[in-house]
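# Coordinate analysis (summary)
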Amino acid sequence: VQLQAFGGGLMQAGGFLRLSCKVSGLTFSRVVMAWFRQAPGKEREFVAVSTWSGGRSYYADSVKGRFTISRDNAKNTVALQMNSLKPEDTAVYYCAGKNVDGDSYAYRYDYPYWGQGTQVTVSS
């Protein structure tokens, strides 16, 4: 199983970035895919999730209305479009996956599969 995240970088506040995560070794259409982030000195926190049953998406309050998660089951990828970026969005972003749907989506320890992380830095 491999999750490879890419697309991070440096952006000014108000700008946008798009992260992608390529998944291999799993039946992607049956995997719940999420994004988490970890800022320096802070715990890893939930950002967004895309479920495989029902095609639902959920977001942390801090990113709701600015970030959009999407998935392409044909390409085994999940993306995170981040608009109206703020300095507080600065963090290492991780994609994560799990097979069990219907449970809490924001609990990081439910996810056995993780990407390597990609740095997002937003300057003010």
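Shown above is the structure to which this text applies.
These lines cover the structure that appears in this document, whether it is placed above or below. Predicted model only: the values in this text are computed from it and were never measured.

## A closer look at the nonpolar core
Ranked by size, the top nonpolar core spans 35 residues in total, and within it W35, L80, M82 and Y93 carry the most contacts. Elements supplying a minimum of two residues to this core: β1 (2-6), β3 (17-24), β4 (32-38), β5 (45-50), β7 (67-72), β8 (77-82), β9 (91-98) and β11 (118-123). A total of five residues in this core trace back to one element, the largest contributor, which is β4.

## Examining the pairing of β8
Burial of β8 is extensive: five of the six residues sit out of reach of the surface. Bridge count for β3 against β8 is six bridges, and the pairing is antiparallel. Bridge pairing in β8 links S20 to A79. Sheet topology places β7 next to β8; six bridges connect them, and they run antiparallel. Within β8, the position partnered with I69 by the bridge is L80. Between β7 and β8, which follow one another and run antiparallel, lie four residues, and N76 among them has a positive phi close to 55°.

Rules used in this analysis
Residues numbered from 1 in each chain as written. Predicted model: local features only at pLDDT ≥ 70, side-chain atom pairs only at ≥ 80, totals over all residues. Heavy atoms only, no water. Core = buried A, V, L, I, M, F, W, Y, C linked by side-chain atoms within 4.5 Å. Buried < 20%, exposed > 50% of the residue type's maximum accessible area, 1.4 Å probe, protein only. Helix = DSSP H or I, 4+ residues; strand = E, 2+ residues; numbered from the N terminus. Pairing = 2+ DSSP bridges.

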